Amino acid sequence: MNDQDAPFFQALGSRIASARKALNRTQQELADQLGVAQQTYAKWEMGRARIQVDMLPRLAQGLQVSMDELVGVKTGPQPKRGPANKFEKRIERMRKLPRTKQQLILDMLDAFLAKASH
């Protein structure tokens, strides 16, 4: 990486780290999700390694941010991201389950909501 690129990648790394921390996720969790080594992911957060362009959409999705937000494009006032609430954490855990178990949970939730609305 040349000296001209360093500030961009350091700022990108800072945004990546902030987004990951807002989700209460570890570097290892994101690295596993992206299929890269934790050391590689850590270098991205420190701005010491270039990120392959084809990795950026996957990284943005994993961090639950837009591509614009990830690369630092200003698109207007953005709401502050806080830590994930309990509901969001549970949804994330549910996403990791097999489809059959996800469907079972959704069926139970639908039944509960139907009963609660009467």
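Values in this document were obtained by computation on a predicted structure and should not be read as measured data.

Student: I'm lost on the overall build of the protein chain in this one. Help?
Tutor: Counting its secondary structure elements, the protein chain contains seven helices and zero strands. Helices (α) and strands (β) of the protein chain occur, in sequence order from the N terminus, as α-α-α-α-α-α-α. By residue count, 29% of the 118 residues in the protein chain fall in the buried class. For the protein chain, the share of sequence-separated contacts (at least 6 apart) that also reach a separation of at least 24 residues comes to 53%. With an accessible surface of roughly 8,600 Å², the protein chain has 55% of that area assigned to carbon and sulfur atoms.

Student: Sorry if this is basic, but what is going on with unusual backbone geometry here?
Tutor: Note: most residues except glycine have negative phi, and most peptide bonds are trans. Positioned with a positive phi, Asn-24 is a non-glycine residue whose angle comes to about 55 degrees. Structurally, the position occupied by Asn-24 is in the loop between helix H1 (6-22) and helix H2 (27-34). Residue Asn-24 is classed as partly exposed on the basis of its relative accessible area, which comes to 42%. The backbone of Gln-64 sits at a positive phi, close to 60 degrees, despite the residue not being glycine. The exposure class assigned to Gln-64 is partly exposed, which follows from its relative accessible area of 40%.

Scoring rules and cut-offs
- Residues numbered from 1 in each chain as written.
- Predicted model: local features only at pLDDT ≥ 70, side-chain atom pairs only at ≥ 80, totals over all residues.
- Heavy atoms only, no water.
- Helix = DSSP H or I, 4+ residues; strand = E, 2+ residues; numbered from the N terminus.
- Buried < 20%, exposed > 50% of the residue type's maximum accessible area, 1.4 Å probe, protein only.
- Contact = heavy atoms within 4.5 Å.
- Areas by Shrake-Rupley, 256 points an atom, 1.4 Å probe, with all protein chains shown as cover.

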